[in-house]
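Each chain is listed here by its residues.
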Amino acid sequence: MLIKNIEFIKSSNSIVECPKDKLPEFAFLGRSNVGKSSLINMIVNNKKLSKTSSKPGKTRLINHFKVDKKFYLVDLPGYGWAKASKADRKKWDHMVKEYVTKSNVIVVLFILIDIRLKPQDIDISFLNYYGKKNIPINIIFTKCDKINSQNINKNIDTFFNELSKSWSEPPEYFVTSSIKKTGKNDITGHIESIYSSFKNYEKNL
Ligand code: GTP
Ligand code: MG
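Please read all numbers here as calculations on a predicted model, not as lab measurements.

What counts and how
Residues numbered from 1 in each chain as written. Chains lettered and ligands numbered in written order. Predicted model: local features only at pLDDT ≥ 70, side-chain atom pairs only at ≥ 80, totals over all residues. Heavy atoms only, no water. Near = heavy atom within 4 Å. Polar contact = N/O pair within 3.5 Å; in protein donor to acceptor, adjacent residues only side chain to side chain. Areas by Shrake-Rupley, 256 points an atom, 1.4 Å probe, with all protein chains shown as cover. Donors = N, O, S within 2.8 Å, 3.2 Å for Na, K, Ca; no water. Helix = DSSP H or I, 4+ residues; strand = E, 2+ residues; numbered from the N terminus. Buried < 20%, exposed > 50% of the residue type's maximum accessible area, 1.4 Å probe, protein only. Contact = heavy atoms within 4.5 Å.

Draft legend 1. Fine view of the site of ligand 1. Neighbouring residues of ligand 1: 22 residues in total, closest Lys36, Ser38, Gly57, Asp145 and Ser178. Contacts to ligand 1 include threonine 59, whose side-chain N or O atom sits 2.7 Å from an oxygen atom. At a separation of 3.4 Å, an oxygen atom of ligand 1 approaches a polar backbone atom of glycine 78. Summarising the interface, the protein chains cover 89% of the accessible area of ligand 1, which totals 650 Å² for the free molecule.

Draft legend 2. Broad picture of the coordination of the magnesium ion (ligand 2). Taken together, the protein ligands of the magnesium ion (ligand 2) are Ser37 (OG) and Thr59 (OG1), with distances of 2.0 to 2.2 Å. One end of the pair, serine 37, is in helix H1 (residues 36-44); the other, threonine 59, is in the loop between H1 and strand S3 (62-67), with 22 residues separating them in the sequence. The two residues serine 37 and threonine 59 agree in class, both being buried.

Draft legend 3. Highlighting the environment of glycine 78. Here glycine 78 lies in the loop between strand S4 (71-75) and helix H2 (86-102). When its relative accessible area of 13% is taken as the criterion, glycine 78 is described as buried. As for glycine 78 and methionine 1, which are separated by 77 residues in sequence, their C-alpha atoms are 27 Å apart. With near-sequence residues (within four places) excluded, glycine 78 lies in contact with Gly30, Arg31, Ser32, Lys36 and Thr59.

As structure tokens, this is what we get:
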């Protein structure tokens, strides 16, 4: 997918503030610091588009980026940031849950998982929460440059073993590194193909 134009549209505090032009949205969710903003920057080839930080809790609003006037990439605040106050965590979780569950324009919710870690309860519980609400989910494993390929395969197996306790058919997944640009073509190709089927579906309505 060749991206010609990417525009930051706005940061929203709640779903009512989000853009209303009904373009399809690809949203990125995951634990704070998992690499959501970095991944969006990798996809669009612009290191400075979405602000990243080595410290968790950087993205605190719902950020809409419009690609070639066709669809949005949406960068969301992370969950599970231990140092945030309980009230803030509750506010962000509510903002994200309301946006994801009430939006009728999300075509894929990408849930990002740090490939280095053993399965985390908080990730499984968010996956289960949105899965039960029939939100279309794909998993993106991040930071694969940090471990070797043997451990990548081992950790993916362990993760899906854990997920199989609650999922009969696991979501499609991608393995990425924003540093090495691993998985970039797989994800952009996937986005393009979902966007095309969405357009065909709209045409046939
Ligand atoms: P919040 O906005 O706080 O929820 O975090 P985020 O999920 O948007 O993470 P962000 O993209 O800001 O990245 C967090 C840190 O991880 C930064 O220091 C990034 O440079 C680093 N990082 C992100 N992706 C990768 C990756 O693929 N490999 C490596 N080694 N580091 C990464
Ligand atoms: Mg971020």
